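Coordinate analysis (summary)
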2 protein chains.
Amino acid sequence: MDADTVAGCASLAMLLEVSGDPKPGNVDREHDYAGTRYEHFLASAVGVYPVFRAAAASRGHVGRWLRRGVEASRAWQQGGNTHFGTLLLLTPLAVAAGAARSPGEVQARARRVAATTTVEDAVEFYRCFEKVHVRLRPVEDLDVYDPHSIREVRRRGLTLRDILRLSVPGGDRIAGEWLHGFPATFRAARRLAPLMERWGPREAAVRVYMELMAEAPDTLVAIKRGRAWAERLQGEARRRLDAPLEELHRWDRRLLAAGMNPGTTADLLAGGLFAALLRGYRP
Amino acid sequence: MDADTVAGCASLAMLLEVSGDPKPGNVDREHDYAGTRYEHFLASAVGVYPVFRAAAASRGHVGRWLRRGVEASRAWQQGGNTHFGTLLLLTPLAVAAGAARSPGEVQARARRVAATTTVEDAVEFYRCFEKVHVRLRPVEDLDVYDPHSIREVRRRGLTLRDILRLSVPGGDRIAGEWLHGFPATFRAARRLAPLMERWGPREAAVRVYMELMAEAPDTLVAIKRGRAWAERLQGEARRRLDAPLEELHRWDRRLLAAGMNPGTTADLLAGGLFAALLRGYRP
């Protein structure tokens, strides 16, 4: 697929994700976090465009494009981390889409991209953390903020896939997408397409966000607040799958006040939107 | 300036403009027009990115990039016209920025771009209307929707500047920017920079939007509702320059209910944001 089309779909996916509203606990049109505002997400989504174009044109080097995406996201806005998880999910999809002859091939090719990472990709992953502070599941003894980790990654010959595999047992959903062929991402895309036609992207994004949260405990909530809280949120989301928007607005206010931020669920929503846009959906 | 930086600033300007809220009478985060929604503006802002990059890299052919921008804006969304006026204002600035060694040169170079248009640029301007329906001030006897006009434009040897000059006496503000060196655009940029630092882009955009509306009658309102209404809105904006946001929300609801849409004022705001971003502002 054309590299500009892929990049445009990636940027627009990030814009439609953050504009889905209300997304309980996350930044959206009407809700900022202190220091990280809606506009920071807009700027970051635009700033990464040329990196996604390069990723789609290059057909490899997924670690490099991830690191460059993180740098571009940082350079275009002064808030906190906006898109690390989203970039981790979207970058292999963009590399895959650039190599695909049609949208139907993207998932299979993304699986191959995720299966064939190198030690250099792992090193680039570690270099991301020179630029952003992200709360991550610990990668065993290879702390992403320890400058010695990169040497150790090289010494042990670990690929990016190896690094991500170390995160899966702890329940990292983005790492799980990498290892299992992006099932939640493409399921979300298939759910989004008809809902966006019926309701428009704003409400469709909210509904699929709730479904994604109901599927599994949110990784970011689990890291920040513990697994029990993440499971509790999952259960609460499940009970609200058909709730009226007014009820979701109320729940949103409660989660925001408690700083309960299901950021990984928003990343997966961005992935689903990206896949739906690659298949040709336009607002 | 780097072509990707220029394109990113153009797309982000369009995103910050539509996200400025409340912008009385216009589409913003919380207000759609029937058939033309906030998301259509997001998609259009991303879709035109590669055209702005090409415009910045090419250093000429302003009419071609305008027409391609209009086509890209159309191709990425299914709503009505989102950005014709904005593209007419931003395209010469992007060509100028691509050729500029520093942001301080952009206005002088944009003046030169606007002064040196060709007959081919005029023909490309007419070709835009094969793709979008826009309410425009009549260009004397050269109706933009008449397929014979292009032949007549060639026969008379009219440049794009000539065409825009025919629109100025009727009060077209974007054409006025072209002919007079983009004064309102760069004045808005100088006003926006400190306000964005103080309040963030959402409220700064609203304040400068009100100032732009208070400066002159809005072109789109004048075309759709007549000059008297446009002047009345100008006066009402002037009285509300320091109004609290709550009062602007109320006025917004009244204008939207009346279909009173100062779209040209929003185009000028996008121009001011573009110039401020080119000078290095980041949210």
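Up top is the structure these notes are about.
What this report covers is the structure whose coordinates are included nearby. This structure is a prediction, so every number in the text was calculated from the model and none was measured.

1. Observations concerning the side chain of Arg29 of chain A
When you line up the elements, Arg29 of chain A lands in the loop between helix H1 (3-19) and helix H2 (38-47). For Arg29 of chain A, the side chain forms a polar contact with the main-chain oxygen of Ser19 of chain A, separated by 3.0 Å. Residues within four places of Arg29 of chain A in sequence aside, it is in contact with Val18, Ser19, Asp21, Tyr38 and Arg202 of chain A together with Arg29, Glu30, Tyr38, Glu39 and Arg202 of chain B.

2. Some details on the relation of the copies chain A and chain B
With an RMSD of 0.0 Å, the fit of chain A onto chain B corresponds to turning through 180° and sliding 0.0 Å along the axis. Such a turn and shift between the copies fits a two-fold axis. Considering only C-alpha atoms, the part of chain A nearest the rotation axis is Arg29 of chain A, at 3.3 Å. An overlap of 100% is found between the interface residues of chain A and their copies at the interface of chain B, pointing to a shared contact surface.

3. Considerations on unusual backbone geometry
Along the chain, Asp21 of chain A connects to Pro22 of chain A via a cis peptide bond; the corresponding omega equals 5°. At His61 of chain B, a residue that is not glycine, the phi angle is positive and equals roughly 60°. Relative to the elements of secondary structure, His61 of chain B occurs in the loop between helix H3 (49-58) and helix H4 (62-75).

4. As for the nonpolar core
With 204 residues, the main nonpolar core has Phe125 and Phe274 of chain A together with Phe125 and Phe274 of chain B as its most contacted residues. Excluding residues within four positions of it along the chain, Phe125 of chain A makes contact with Leu66, Phe84, Leu88, Leu136, Val144, Leu160, Ile163 and Leu164 of chain A.

5. A look at the packing of aromatic side chains
Inspection of the entire model under this criterion finds 13 aromatic pairs over all chains. Relative to Phe129 of chain A, the ring of Phe84 of chain A lies with its centre 5.2 Å away and its plane at 55°, an arrangement referred to as tilted. Separated by 45 residues along the polypeptide, Phe84 of chain A in helix H5 (residues 84-99) and Phe129 of chain A in the loop between helix H7 (119-127) and helix H8 (149-156) bring together distant segments of the chain. Here the two residues Phe84 of chain A and Phe129 of chain A agree in accessibility, since each one is buried. Ring centres of Phe129 of chain A and Tyr145 of chain A lie 5.6 Å apart, and the angle between their planes is 75°; on these two criteria the pair is classed as edge-to-face. Of this pair, Phe129 of chain A sits in the loop between H7 and H8 while Tyr145 of chain A sits in the loop between H7 and H8; the two residues are 16 residues apart in sequence, bridging distant segments of the chain. Here the guanidinium or amino end of Arg282 of chain A rests over the ring plane of Trp76 of chain B, the centre of that ring lying 4.3 Å away.

How each quantity is defined
- Residues numbered from 1 in each chain as written.
- Chains lettered and ligands numbered in written order.
- Predicted model: local features only at pLDDT ≥ 70, side-chain atom pairs only at ≥ 80, totals over all residues.
- Heavy atoms only, no water.
- Helix = DSSP H or I, 4+ residues; strand = E, 2+ residues; numbered from the N terminus.
- Polar contact = N/O pair within 3.5 Å; in protein donor to acceptor, adjacent residues only side chain to side chain.
- Contact = heavy atoms within 4.5 Å.
- Least-squares fit on C-alpha atoms with pLDDT ≥ 70 in both.
- Core = buried A, V, L, I, M, F, W, Y, C linked by side-chain atoms within 4.5 Å.
- Buried < 20%, exposed > 50% of the residue type's maximum accessible area, 1.4 Å probe, protein only.
- Phe/Tyr/Trp six-rings, centres within 6.5 Å; stacked < 30°, edge-to-face > 60°.
- Lys NZ or Arg CZ within 6 Å of the ring centre and 35° of its normal.

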